[in-house]
Amino acid sequence: REGHKLLTLVLFVKSGGGDSSRNSHSPRVLLGRKKRGFGQGFYNGFGGKVEASDASILTAAAREMKEESGLVPTDLALKGVLTFIWDDAEAEQSSPNAQPWDVHVYKCTECEGDVVETDEMAPVWMDVDKVPELYDGRMWEDDQHWHPLFFADKLFRGTFHFEKTTVLKHFTLEEVSEI
Ligand code: 6U4
Ligand code: NA
Ligand code: NA
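Residues numbered from 1 in each chain as written. Chains lettered and ligands numbered in written order. Predicted model: local features only at pLDDT ≥ 70, side-chain atom pairs only at ≥ 80, totals over all residues. Heavy atoms only, no water.

Digging into the overall build of the protein
What the protein contains, in helices and strands, is three helices and eight strands. When the elements of the protein are put in sequence order from the N terminus, they spell out β-β-β-α-β-α-β-β-α-β-β. Against the globule reference of 16 Å for 179 residues, the protein gives a C-alpha radius of gyration of 16 Å, in line with a compact fold. Its C-alpha atoms give the protein principal-axis dimensions of about 50 × 35 × 35 Å. In the protein, which comprises 179 residues, the proportion classed as buried is 42%. Excluding contacts between residues fewer than 6 apart, the proportion of contacts in the protein whose partners are at least 24 apart in sequence is 67%. (Helix = DSSP H or I, 4+ residues; strand = E, 2+ residues; numbered from the N terminus. Rg over C-alpha atoms; globule rule 2.2 N^0.38 Å. Buried < 20%, exposed > 50% of the residue type's maximum accessible area, 1.4 Å probe, protein only. Contact = heavy atoms within 4.5 Å.)

A few points about the nonpolar core
Grouped together as the largest cluster of nonpolar side chains are 27 residues, with contacts concentrated most on V29, L31, F84, V105 and W146. Within the residue set of this core, elements represented by two or more residues are β1 (5-14), β2 (28-34), β4 (72-86), β5 (101-112), α3 (143-151) and β7 (155-163). Residues contacting L31, with those up to four places away along its chain left out, are L11, Y43, N44, G45, F46, A122, P123, V124, M126, V131, L134 and M139. Counting 11 residues, the second largest nonpolar core, distinct from the first, contains L30, F46, Y106 and C108. (Core = buried A, V, L, I, M, F, W, Y, C linked by side-chain atoms within 4.5 Å.)

Here's the deal with the confidence of the model for the protein
For the protein, the average pLDDT comes to 92, and 91% of its residues sit at 70 or higher. Among the prediction metrics, the complex's ipTM stands at 0.97, with pTM recorded as 0.94. (pLDDT = per-residue confidence, 0-100.)

Considerations on the pattern of salt bridges
Across all of its chains, the model carries 10 salt bridges by this definition. The salt bridge partner of D54 is R63, with a shortest N-O separation of 2.7 Å. With a closest N to O distance of 3.2 Å, R63 and E64 form a salt bridge. Here the salt bridges share partners, and the residues they tie into one network are D54, R63, E64 and E67. (Salt bridge = Lys/Arg side-chain N within 4 Å of Asp/Glu carboxyl O.)

Focus: the coordination of the sodium ion (ligand 3)
For the sodium ion (ligand 3), the protein coordination sphere consists of E64 (OE) and E68 (OE), at 2.6 to 2.9 Å. Taken as an interatomic distance, the gap from the sodium ion (ligand 3) to the sodium ion (ligand 2) is 3.5 Å; E68 donates to each of them. One end of the pair, E64, and the other, E68, are both in helix α1 (residues 57-69), four residues apart, so they sit about a helical turn from each other. Of the two residues examined, E64 and E68, each falls in the buried class. (Donors = N, O, S within 2.8 Å, 3.2 Å for Na, K, Ca; no water.)

So this is what it looks like as structure tokens:
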């Protein structure tokens, strides 16, 4: 949308089973604890701003994934578009969140390369069924709302209004048939 900043977010999901060292057959997701910048301290997927030099939003997502995790995604699928709005006075005065963001959320199921820790992200594999434990303040507050759709492989759109950068005020979220 015009006047919105474009960003990406990639969650790499591996199906469960086949690993005898694990008790759980839950699928796993690669999260990163963000070490700097916007959302510092939160566990999240990998991503960032779409740059003018990116050929597409999808290639921007792949670029950010490589930069922040060392992995090159070979299978990315768009699952959702999330709009984030900050309407508190504090946010209006300061970038980076003075204008709404449209975050394109991708599911990755295949990557090449090895996971590395970067300046931006400390990666960690988590059982998907353990992710809700992080809804105690270690993730963005919106995640607990759209994760169930994402991990059920649904398509979705949502708008989340924040105040004071990280406090969710209200939101709308819907499953959609195409995106
Ligand atoms: P720099 O440091 O300028 O290179 P860049 O990596 O381009 O930044 P960054 O890391 O600030 O961008 O992008 C923010 C990341 O956080 C994107 O992947 C989107 C994600 N994000 C932002 N708000 C979010 C929210 N409320 N919930 C969520 N992810 C969010 O799940
Ligand atoms: Na980033
Ligand atoms: Na980045």
